[in-house]
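This is what each chain is made of:
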Amino acid sequence: MTAAAYCGRCGLAVADAVHETCLRQLELEPPRYCPACRRRLVVQVMPDRWIARCAEHGATTASTWAGS
Ligand SMILES: [Zn+2]
Ligand SMILES: [Zn+2]
């Protein structure tokens, strides 16, 4: 994986802003923007995971609320 250029939550360039709160939020909810190209992601939320899909870069899946 390449380093993220954009914040997955606010969509701003990672280098341009402080994303401490964003990073914290991203532990709890799916990203909204593709970190590589800043496109809006199509996010599908399921009871135990989410899928965030970028038209260019494909889907990212993560289990979020899986508990322990
Ligand atoms: Zn951010
Ligand atoms: Zn992308």
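Refer to the structure presented above.
Structure report, in brief. (Residues numbered from 1 in each chain as written. Chains lettered and ligands numbered in written order. Predicted model: local features only at pLDDT ≥ 70, side-chain atom pairs only at ≥ 80, totals over all residues. Heavy atoms only, no water.)

The next subject is the pairing of strand E3 (residues 58-63). The side chains of a regular strand alternate between both faces of the sheet. Of the strand pairs in this sheet, strand E2 (residues 49-54) and E3 are connected by six bridges, and their pairing is antiparallel. Note that in E3 the partner of Ile51 across the bridge is Thr61. Where E2 folds back onto E3 in an antiparallel hairpin, the turn is made up of three residues. (Pairing = 2+ DSSP bridges. Helix = DSSP H or I, 4+ residues; strand = E, 2+ residues; numbered from the N terminus.)

Phi at Arg38 takes a positive value of approximately 70 degrees, unusual for a residue other than glycine. Here Arg38 lies in the loop between helix H1 (20-26) and strand E1 (42-45).

Quick look at the coordination of the zinc ion (ligand 1) now. Listed as protein donors to the zinc ion (ligand 1) are Cys7 (SG), Cys10 (SG), His19 (ND1) and Cys22 (SG); their distances from the metal cover 2.0 to 2.3 Å. Metal-centred angles of 102 to 119 degrees between the four donor atoms at the zinc ion (ligand 1) mark the site as tetrahedral. Linear spacing of the donor residues for the zinc ion (ligand 1) on their chain is C-x2-C-x8-H-x2-C. Placement of Cys7 in the segment before H1 and of Cys22 in helix H1 is noted, with a sequence separation of 15 residues between them. There is no split in this pair, since Cys7 and Cys22 are both buried. (Donors = N, O, S within 2.8 Å, 3.2 Å for Na, K, Ca; no water. Tetrahedral: all angles 85-135°; square planar, octahedral: opposite > 155°, others 65-115°. Buried < 20%, exposed > 50% of the residue type's maximum accessible area, 1.4 Å probe, protein only.)

Under the definition given, this model contains zero aromatic pairs. Directly above the ring of Tyr33 sits Arg40, whose terminal nitrogen or CZ lies 5.0 Å from the centroid. (Phe/Tyr/Trp six-rings, centres within 6.5 Å; stacked < 30°, edge-to-face > 60°. Lys NZ or Arg CZ within 6 Å of the ring centre and 35° of its normal.)

Tracing the sequence through the fold places His19 in the segment before H1. Contact partners of His19, with chain neighbours within four places excluded, come to Cys7, Cys10, Leu12, Ala13 and Val14. (Contact = heavy atoms within 4.5 Å.)

Now for the pattern of salt bridges. Applying the stated criterion across every chain yields a total of five salt bridges. For Arg9, the salt bridge goes to Glu29, with nearest N and O atoms at 2.5 Å. Of this pair, Arg9 sits in the segment before H1 while Glu29 sits in the loop between H1 and E1, placing them 20 residues apart in sequence. Of the charged contacts, one joins Arg32 and Glu29 as a salt bridge, the two residues approaching to 3.3 Å between their closest N and O atoms. The exposure class of Glu29 is partly exposed, given its relative accessible area of 21%. Three or more residues are tied together by salt bridges with common partners; here these are Arg9, Glu29 and Arg32. (Salt bridge = Lys/Arg side-chain N within 4 Å of Asp/Glu carboxyl O.)

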